[in-house]
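The residues making up each chain are set out below.
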Amino acid sequence: MDIDPIDLVSKTNEAKVAIKSNQQWLNAAVAITVSLLATFMGICKVKDDNVVQAMQQAQADKLDHWNFYQARNLREEVAKSTLTTLQLMALSANKEQVHQFQTQIKHYENLAKEQHDKKEALKSQAEDDQKTYDSLNFIDDQFDLADAAIAIAISLLAVASLTELTWMYFLALIPSGFGFLMGLSGLLGWGLHPDILIKLLS
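Details of the overall build of the chain
Point 1. Assigned secondary structure in the chain consists of four helices and zero strands.
Point 2. Sequence-ordered secondary structure for the chain, helices as α and strands as β, is α-α-α-α.
Point 3. By residue count, 26% of the 202 residues in the chain fall in the buried class.
Point 4. Put simply, 78% of the contacts in the chain that link residues at least 6 apart link residues at least 24 apart.

Below, the structure is given as structure tokens:
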């Protein structure tokens, strides 16, 4: 049987067209996917930066409140020490001095109570600041995972485009989906928080 050269050329051209069509589809899919991922990553980055700023503010507030707590605690201890001294001195005072001691004792009792109440209020504020920091850190972890997953996905998409491997494109959709899910969790306040991954990366 004779081989027709025209048939060979025709089949070769058809194969080239099929390959070119596959390349065009893959390159278009990669370009669109990378564009969507980059846009979503940018949105998450803006929100994450705001979260980090809020974390820094919560940390600063917590330190300020604990510092004020220590100052109030010191004032309370000084007032208690002075109160004890006055009470002991009043025991050996004459009748004329007792009234003066009682006035000072009452003053330092009120002062010690006032400092104690303010100290406890500051402690409560510092604990609230820590809770705020922890809740913001929870969201920050979600955005960190989203960034990492999307960065991996974009790298795989670049390889898929260069090597023209279709299966590599679909492989890249796995970290893309995970990154998108984690980003949405951070944006919408979902409770998704894979502790194992976060501990591994922290």
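Structural notes on the packing of aromatic side chains
Point 1. Applying the stated rule across the entire model yields five aromatic pairs.
Point 2. Between Phe40 and Phe180 the ring centres are 4.5 Å apart and the planes differ by 40°, which places this aromatic pair in the tilted class. Of the two residues, Phe40 sits in helix H1 (residues 5-91) while Phe180 sits in helix H3 (residues 166-188), which places them 140 residues apart along the sequence.
Point 3. Between Trp66 and Tyr69, the aromatic rings sit 5.2 Å apart at their centres with planes inclined by 85°, giving edge-to-face as the arrangement. Placement of the pair is Trp66 and Tyr69 together in helix H1, with a separation of three residues, close to one helical turn.
Point 4. The exposure class assigned to Trp66 is partly exposed, which follows from its relative accessible area of 29%.
Point 5. In this structure an aromatic cluster arises from ring pairing among Trp25, Tyr169 and Phe170.

Quick word on the environment of Lys113
Point 1. Structurally, Lys113 is set in helix H2 (residues 95-163).
Point 2. Taking relative accessible area as the criterion, Lys113 reaches 53% and is therefore assigned exposed.

With respect to the nonpolar core
Point 1. Of all hydrophobic cores here, the largest spans 17 residues; its most connected members are Val30, Leu37, Val51, Leu157 and Tyr169.
Point 2. Counting residues per element, the ones that place at least two in this core are H1, H2 and H3.
Point 3. Residue contributions to this core peak at eight residues, all from H1.
Point 4. Apart from residues lying up to four places away in sequence, Val30 is in contact with Leu157, Ser161 and Tyr169.
Point 5. Within the second largest apolar cluster, six residues are counted, among which are Leu83, Leu86, Ala90 and Ala93.

Some words on the side chain of Lys119
Point 1. With respect to the helices, strands and loops of the structure, Lys119 is situated in helix H2.
Point 2. Within the structure, Lys119 has its side chain in polar contact with the side chain of Asn73 (distance 3.2 Å).
Point 3. Sequence-distant contacts of Lys119, that is, excluding residues within four places in its chain, are made with Tyr69, Arg72, Asn73 and Glu76.

Let's talk about unusual backbone geometry
Point 1. Phi is positive for Glu164, close to 60°, though the residue is something other than glycine.
Point 2. Overall, Glu164 belongs to the partly exposed group, its relative accessible area being 35%.

Remarks on the pattern of salt bridges
Point 1. Applying the stated criterion across every chain, the model contains five salt bridges.
Point 2. In this structure, Glu76 and Lys80 form a salt bridge, with 3.1 Å as the shortest nitrogen-oxygen distance. In this pair, Glu76 and Lys80 are both assigned in helix H1, four residues apart and thus about one turn of the helix distant.
Point 3. Residue Glu76 is classed as buried on the basis of its relative accessible area, which comes to 3%.
Point 4. Here Glu76 makes a salt bridge to Lys119, at a shortest N to O gap of 2.9 Å. Placement of Glu76 in helix H1 and of Lys119 in helix H2 is noted, with a sequence separation of 43 residues between them. Judged on exposure class, the residue Glu76 and its partner Lys119 are both buried.
Point 5. A cluster of three or more residues bridged by salt bridges with shared partners is formed by Glu76, Lys80 and Lys119.

Notes on the environment of Phe143
Point 1. Structurally, the position occupied by Phe143 is in helix H2.
Point 2. On the basis of relative accessibility, which here comes to 0%, the residue Phe143 falls in the buried class.
Point 3. For Phe143 and Lys45, which are 98 residues apart along the polypeptide, the C-alpha to C-alpha distance reads 7.7 Å.
Point 4. Setting aside anything within four residues of it in sequence, one finds Phe143 in contact with Cys44, Lys47, Asp48, Val51, Gly183, Gly186 and Leu187.

Rules used throughout
Residues numbered from 1 in each chain as written. Predicted model: local features only at pLDDT ≥ 70, side-chain atom pairs only at ≥ 80, totals over all residues. Heavy atoms only, no water. Helix = DSSP H or I, 4+ residues; strand = E, 2+ residues; numbered from the N terminus. Buried < 20%, exposed > 50% of the residue type's maximum accessible area, 1.4 Å probe, protein only. Contact = heavy atoms within 4.5 Å. Phe/Tyr/Trp six-rings, centres within 6.5 Å; stacked < 30°, edge-to-face > 60°. Core = buried A, V, L, I, M, F, W, Y, C linked by side-chain atoms within 4.5 Å. Polar contact = N/O pair within 3.5 Å; in protein donor to acceptor, adjacent residues only side chain to side chain. Salt bridge = Lys/Arg side-chain N within 4 Å of Asp/Glu carboxyl O.

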